[in-house]
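A closer look at the structure
These are the residues of each chain, in order.
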Amino acid sequence: MIEQLLSNFMSSYQIQILSFIGIFTILAISLDIINGYTGQFSIGHAGFMAVGGYVAAYLTFYHQVPFILATLAGALSAAFFGLLIGIPTLRLRGDYLAIATLGFAEIIRVVLLNLDVVGGARGFAGISNLSNFDTVLIITIISFIVLYNFTRSAYGRALQSIREDEIAAECMGVPTTYFKVLAFVVAAFFAGIAGSLYGHYLMFLHPNDFGLLRSIEILLMIVLGGMGNLWGALLGAIVLSILPESLRNYQGIVYTIAVVYLVGVAISYQKGKQNIARWLAGILIAGLAVGFILIYGKELIIRYAGQMRMIIYSILLILMMIFQPSGLIGLARDLAKPLKERLRGVKA
Amino acid sequence: MEQVVQQIVNGLALGFIYALIALGYSLVYGIIRLINFAHGDIIMVGAYVALFSYLILGVGFVPALLIAMVTCSLLGVTIERVAYKPLREAPRIAALITAIGVSFLLEYGFQLFFGPQQRAFPEFFKTHHYKLGILSVTNEQILILSIAVVLMLLLNFIVMKTKTGMAMRAVSFDKDAARLMGINVDNTISATFALGTALAAAAGMLLGLYYQQIDPLMGFTPGLKAFISAVIGGIGSIPGAMIGGLVLGITEVLVVSLGYSTLKDGVAFLLLILVLLIRPRGIFGEKVVEKV
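How each quantity is defined
Residues numbered from 1 in each chain as written. Chains lettered and ligands numbered in written order. Predicted model: local features only at pLDDT ≥ 70, side-chain atom pairs only at ≥ 80, totals over all residues. Heavy atoms only, no water. Helix = DSSP H or I, 4+ residues; strand = E, 2+ residues; numbered from the N terminus. Buried < 20%, exposed > 50% of the residue type's maximum accessible area, 1.4 Å probe, protein only. Domains from an automatic or database assignment. Contact = heavy atoms within 4.5 Å. Buried area = accessible area lost by both parts, 1.4 Å probe. Salt bridge = Lys/Arg side-chain N within 4 Å of Asp/Glu carboxyl O. Polar contact = N/O pair within 3.5 Å; in protein donor to acceptor, adjacent residues only side chain to side chain. Nonpolar A, V, L, I, M, F, W, Y, C, P; charged D, E, K, R; others polar.

1. Some points on unusual backbone geometry
Residues and elements named next belong to chain A.
- Positive phi, close to 50 degrees, is recorded for Gln 64, a residue that is not glycine.
- Relative to the helices and strands, Gln 64 resides in the loop between helix 3 (45-63) and helix 4 (67-86).
- Taking relative accessible area as the criterion, Gln 64 reaches 59% and is therefore assigned exposed.

Pasting the structure below:
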């Protein structure tokens, strides 16, 4: 319905990008439950997505199960795997957990590559096209509302207490083990839903789509948007779904770089507002340099645009962590703060 | 039976390479408690530097090894100063994400500059096969073993007998106390990175000899496997890293020789999860007491 409405003034390509924004939003907000709210560290989210996608596609392909039921089954299987990986978290912390989740996702990928019933290394082709923009939009909105309420409930506060200080939380009577496993199960459930939407939208699944790169992409979304904030995860999903598309041509690259420059100006303003003259000189020189590169490096940029994506991602990861660890949402909040105070009549 | 023994001998060479990488991991992890994801990609950089110093400068094996080790030490120290040092007081997750960023930057930067294709690694020596009773050993395997052993002994000497080594152990034990005792913590951490990355560079060159080809993504999987080795042996322990590397190398060669080569990476991770479940501190790891 909405898809038809949109198709009046948008190409099917643009609608497809919008659909992927929805699917990635579900993935990003669910990963945010583990990484942002509970303070655990998972880099295996693509594994849960793969489980949900493959189980749901298997059911609709071989048994003609209705889409909603198949998606539910996929999500429940992903949640079961979340339980499986959640159990080692009783013992593992931080870095060990990161490697364990990575290893877990790799095992899923390797098993899928060797599983002939779902196509193995050839990929799973011929999945029916059961999801479109409308289904994605509705399920994304429902997921967002459910997770948003979840994070504001007593459960969500318990998860955040684990993030702030696990030992203190335990002393206050929070069953930390239970809640850490719960975080994994809930996040895996929604990742499974996203996997099912993805498979039935593209009508094709391949194990290598769910490798480490995919997990890192989802991680980057919540890092960029701001961890521990679902609006941030949404923002990150939107930005990172549009970014690779806008890097396809020179005009898009110019717009992208201009936006990145403006964000950089805003971030540096936070750090440099004590010395406005120095800050102004800094952004002026940086702006001239960017303009110079854009004009004289046009040929090079066009030639290497396709290969630049991962390099831009990795530099973004490093710079965000060093200069803006609270993400874009945190930046917006910092910038809005003096404005808010003025509105309330508080002297800054 | 003969075949099994032969495969174990083949696995030894791979195991020693993993052990060498795992030592670097262990060193760095021991001192700043950070999984340096970029460690695996230093392996790749080391192999490329060795390749180019052979192609451009025409040097032999030992000079190429030394050039690779020195270049990577400098790279390692630079990475530490630029990317990790600003985050030393930040939450661990921030440093971990940065490490992933550095790793991807190295991989895809090299892909951009040197192309994603595989390159043949030069054969520095003619391959000879030696018969030892029922077993057959190549001179490359012997070379890999001996270089790995020499470097491990050297590392053990540096960590246990020199002043820098003593400073490293002090910093890894208690950073603040070490600073109060007049140890320059920043320099000690840099020295640790230099040492760890030099080992990784050597391992990269040996890995090039072992597989006879290199590519920009070659380091990631061995890096992860070396981390698994370090965890199996007990992170922070030098003999542990060695034993863990050997266990993993031999397991992997055996799995491949049984015909399950597509499953070999899965087996390594399975081993890791099992170890973490049964004995999370590894074979030689010390029990950590939680302090509030």
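2. Notes on the domain arrangement of chain A
Residues and elements named next belong to chain A.
- Taken domain by domain, chain A comprises domain 1 (2-246) and domain 2 (250-344).
- Look at where the C-alpha atoms of domain 1 and domain 2 centre, and you get two points 29 Å apart.
- Taken together, the 17 residues of domain 1 in the interface contact 15 residues of domain 2.
- The junction of domain 1 with domain 2 conceals about 1400 Å² of combined surface from both sides, 77% of it contributed by carbon and sulfur atoms.
- Of all residues in domain 1, Leu 220, Val 223 and Leu 224 give up the largest surface area on contact with domain 2, accounting jointly for 35% of the area buried on that side.
- Joining domain 1 to domain 2, the criterion identifies zero salt bridges.
- At the junction of domain 1 and domain 2, the tally comes to five residue pairs in polar contact (both at pLDDT 80 or more).
- Counting only elements with at least two residues in the side of domain 1 that touches domain 2, the list comes to helix 10 (212-225) and helix 11 (230-246).
- A per-element tally of the side of domain 1 that touches domain 2 places helix 11 first, with eight residues.
- Residues of the side of domain 1 that touches domain 2, tallied by class, amount to eleven nonpolar, five polar and one charged.

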